[in-house]
Amino acid sequence: GAVVSQHPSWVICKSGTSVKIECRSLDFQATTMFWYRQFPKQSLMLMATSNEGSKATYEQGVEKDKFLINHASLTLSTLTVTSAHPEDSSFYICSARWDIQYFGAGTRLSVL
Amino acid sequence: AQSVTQLDSQVPVFEEAPVELRCNYSSSVSVYLFWYVQYPNQGLQLLLKYLSGSTLVKGINGFEAEFNKSQTSFHLRKPSVHISDTAEYFCAVTPGTGGTSYGKLTFGQGTILTVHP
């Protein structure tokens, strides 16, 4: 089956630093990847759609300058949380679309 | 736009009992429907999907779901649950045709299934 790898699985950082999260499709090429955010005991909220070779499309209310997305190849998309603050602490999940969306295992970000 | 409502936030059941997790959706266009399972601190695993064809869809781990277009529902069922089925379950929809929302998943609020021995 289609496998999506997300790295790191857990990251702790100091307030004001930047954190990069990688999402890779291991056995298929994905022109489109998605980034979601999940708060505790809540559902997944789509943050942005990442398209290979073009700018990401952000959902309403998501700060594009804070959540930088780069989709430089057909198998890799990255999400960089810039100048992270405690309120950015959350569970971030990526997915890659082939026939349907396949999800990574998620990254838990804790900002101290 | 689409919306998804999972009618139960928590469902406790005993092991080997049947279970039904309810999902209703709203959409002005045709949709594809999905059920995902999420174990603690993990991503989402696809249980089953409805794209077209037979309205009764069978998935992994003994789960099945039935698409009811007239009632706009896609309830998930399992005839006999195990302790290992304890997890959170998400119903999701995506437009079945093109447009700006094509490929975007809209999730329900999730249902926590707890299986007791």
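The structure we're discussing is the one just above.
The structure displayed is predicted, hence computed values, not measured ones.

Now for the sheet that holds strand 7 (residues 67-73) of chain A. Residue and element names in this part refer to chain A. Taken together, the four strands give an open sheet; going across it, the order is 1-3-8-7, and neighbouring strands pair in antiparallel fashion. The open sheet terminates on both sides in strands that have one partner only, identified here as strand 1 (4-7) and strand 7. Sheet twist, expressed as the average angle between the axes of neighbouring strands with direction ignored, equals 15°. Strand direction decides the pairing type here: strand 7 and strand 8 (residues 76-81), joined by five bridges, are antiparallel. Within the sheet, the bridge partner assigned to Ile69 lies in strand 8 and is Leu79.

In this section: the nonpolar core. Tyr36(A), Leu44(A), Phe103(A), Leu109(A), Tyr36(B), Leu105(B) and Phe107(B) are the most contacted members of the largest nonpolar core, which totals 41 residues. Sorting elements by how many residues they give to this core places strand 9 (residues 90-97) of chain A first, with five residues. In this structure, Tyr25(B), Val37(B), Phe74(B) and Ala87(B) belong to the second largest nonpolar core, which totals 27 residues.

Time to look at the state of the cysteines. Under the definition given, this model contains two disulfides over all chains. Cys23(A) shares a disulfide with Cys94(A); S-S distance 2.0 Å. Sign of the S-S torsion, about 80° for the bond between Cys23(A) and Cys94(A), identifies this disulfide as right-handed. Of the two residues, Cys23(A) sits in strand 3 (residues 19-25) while Cys94(A) sits in strand 9, which places them 71 residues apart along the sequence. Taken individually, Cys23(A) and Cys94(A) each receive the classification buried, so the pair is uniform in this respect. Here Cys23(B) pairs with Cys91(B) through a disulfide, and the sulfurs are 2.0 Å apart.

Let us now look at the layout of surface pockets. Taken as a whole, the largest pocket encloses approximately 530 Å³ of empty space. Around the largest pocket, the lining is made up of 22 residues, and of these Leu44(A), Met45(A), Leu46(A), Met47(A) and Glu59(A) lie nearest the centre. Every element with two or more residues in the lining of the largest pocket is listed here: strand 5 (44-51) of chain A together with strand 11 (106-107) of chain B. Per-element accounting of the lining of the largest pocket gives the leading share, four residues, to strand 5 of chain A. Looking at the lining of the largest pocket, its residues break down into ten nonpolar, six polar and six charged. Its boundaries defined by the atoms lining it, the second largest pocket holds a volume of some 360 Å³. Grouping the amino acids of the lining of the second largest pocket by side-chain chemistry returns seven nonpolar, six polar and three charged.

Below, the discussion takes up the environment of Gly16(A). Residue and element names in this part refer to chain A. Here Gly16 is to be found in the loop between strand 2 (10-13) and strand 3. Overall, Gly16 belongs to the partly exposed group, its relative accessible area being 42%. Remark: the alpha-carbon pair of Gly16 and Phe103, spanning 87 residues in sequence, is separated by 28 Å.

The next thing to look at is the packing of aromatic side chains. Under the definition given, this model contains 13 aromatic pairs over all chains. In this structure an aromatic cluster arises from ring pairing among Tyr36(A), Phe103(A), Phe34(B), Tyr36(B), Phe90(B) and Phe107(B).

A grouping of Trp10(A), Ile12(A) and Leu112(A) is seen on the molecular surface, where their side chains present a nonpolar patch of about 390 Å² in accessible area. Relative to the assigned elements, Ile12(A) resides in strand 2.

Contact with chain A, which involves 19 residues of that partner, is made by 17 residues of chain B. A combined buried area of about 1400 Å² lies between chain A and chain B, and 58% of that area is made up of carbon and sulfur atoms. Among the residues chain A hides against chain B, the three largest losses belong to Ser43(A), Ile100(A) and Phe103(A). Together they make up 32% of the total. Between chain A and chain B we count one salt bridge in total. Across the pair Lys104(B) and Glu59(A) runs a salt bridge whose closest N-O atoms are separated by 2.8 Å. Our enumeration of links across chain A and chain B arrives at five residue pairs in polar contact (both at pLDDT 80 or more).

The rules behind the values
Residues numbered from 1 in each chain as written. Chains lettered and ligands numbered in written order. Predicted model: local features only at pLDDT ≥ 70, side-chain atom pairs only at ≥ 80, totals over all residues. Heavy atoms only, no water. Pairing = 2+ DSSP bridges. Helix = DSSP H or I, 4+ residues; strand = E, 2+ residues; numbered from the N terminus. Axes fitted to C-alpha atoms, helices over the stretch in contact; angles between N-to-C directions. Core = buried A, V, L, I, M, F, W, Y, C linked by side-chain atoms within 4.5 Å. Buried < 20%, exposed > 50% of the residue type's maximum accessible area, 1.4 Å probe, protein only. Disulfide = S-S within 2.5 Å. 1 Å grid on protein atoms, 1.4 Å probe; cavity = no way out; pocket = protein on both sides within 12 Å on 5 of 7 lines; lining within 4 Å. Points joined across faces, edges and corners; volume = space filled by probe spheres on them. Nonpolar A, V, L, I, M, F, W, Y, C, P; charged D, E, K, R; others polar. Phe/Tyr/Trp six-rings, centres within 6.5 Å; stacked < 30°, edge-to-face > 60°. Patch = residues over 30% accessible without salt bridge, like charges linked within 9 Å, V, L, I, M, F, W, Y side chains within 5 Å. Areas by Shrake-Rupley, 256 points an atom, 1.4 Å probe, with all protein chains shown as cover. Salt bridge = Lys/Arg side-chain N within 4 Å of Asp/Glu carboxyl O. Contact = heavy atoms within 4.5 Å. Buried area = accessible area lost by both parts, 1.4 Å probe. Polar contact = N/O pair within 3.5 Å; in protein donor to acceptor, adjacent residues only side chain to side chain.

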